[in-house]
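# Fold and contact review
If you want the building blocks of each chain, they are given just below.
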Amino acid sequence: FFFFFQAEDGIRDAQESRGLGDVYKRQLYFHPNPSFLQLFSTSEDHTVKVYDLLTSTCIKSLARHQARVSSLSLVENGKYLVSVGFDRKVIIWDSSNEYRPITDIPTEDIDINDCAYITKTLSKKKQMHYLLFGFDSGKLGVLDLTGEHLSLIHI
């Protein structure tokens, strides 16, 4: 099974390019549930793109960030999509509801470079869900997704 798509911005013109500094690194994630043949991509146009792997087309463009999207993470087997942008926001999207945004979490004056999802099983009925963030300052942040109030803790 192969999937090909062309990035919206294509190949940069050498005369208009500002050098290696303007090369944008996209992050690509496949939906962890094999019944959803979807690919997610960060985008330079402040959106998250959702691609259908069967048709090789963009089926959704999630627009809520005010700056470039830097990182993505899929939570609880793809139930939620988390996007992080250079607008210093963490946005949680509900994949079971047409990727509608659930919440925006501001991160104050700190740029986030990356995020990762982890779970901790405490018992057969109790699991803890966390997002870990890497900041430009070299510090880490933790977001506890199991609580009623979402707040980012800087470590």
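Residues numbered from 1 in each chain as written. Predicted model: local features only at pLDDT ≥ 70, side-chain atom pairs only at ≥ 80, totals over all residues. Heavy atoms only, no water.

Each helix and strand counted, the protein chain has zero helices and 12 strands in total. The order of helices and strands in the protein chain, counted from the N terminus, is β-β-β-β-β-β-β-β-β-β-β-β. Within the protein chain, the proportion of its 155 residues that are buried is 36%. A separation of at least 24 residues holds for 30% of the contacts in the protein chain among residues at least 6 apart in sequence. Counting only carbon and sulfur atoms, one obtains 52% of the accessible surface of the protein chain, whose full area is about 9600 Å². (Helix = DSSP H or I, 4+ residues; strand = E, 2+ residues; numbered from the N terminus. Buried < 20%, exposed > 50% of the residue type's maximum accessible area, 1.4 Å probe, protein only. Contact = heavy atoms within 4.5 Å. Areas by Shrake-Rupley, 256 points an atom, 1.4 Å probe, with all protein chains shown as cover.)

The subject of this paragraph is the sheet that holds strand S3 (residues 47-52). Spatially, the four strands line up as an open sheet ordered S1-S2-S3-S4, and their pairing is antiparallel. Strands at the two margins of the open sheet, each flanked by one partner only, are strand S1 (28-30) and strand S4 (57-63). Neighbour-to-neighbour, the strand axes of the sheet open up by a mean angle of 20 degrees, direction not taken into account. The pairing of S3 with S4 spans six bridges and is classified as antiparallel. Paired with Val-50 across the strands is Lys-60, a residue of S4. (Pairing = 2+ DSSP bridges. Axes fitted to C-alpha atoms, helices over the stretch in contact; angles between N-to-C directions.)

Spatial ordering of the open sheet is given by S5-S6-S7-S8, a layout of four strands whose pairing is antiparallel. Edge positions in the open sheet fall to strand S5 (69-75) and strand S8 (100-106), since each of these has one partner strand only. Within this sheet the neighbouring strands show an average axis-to-axis angle of 20 degrees, counted without direction. Relative to S8, strand S7 (residues 89-94) runs antiparallel, the two sharing six bridges. Residue Val-90 lies in a different strand from S8, and its bridge partner there is Ile-105.

What follows covers the side chain of His-65. Locating His-65 in the fold gives a position in the loop between S4 and S5. Residue classification places His-65 among the buried residues on the basis of a relative accessible area of 4%. A polar atom in the side chain of His-65 sits 3.0 Å from the side chain of Asp-87. (Polar contact = N/O pair within 3.5 Å; in protein donor to acceptor, adjacent residues only side chain to side chain.)

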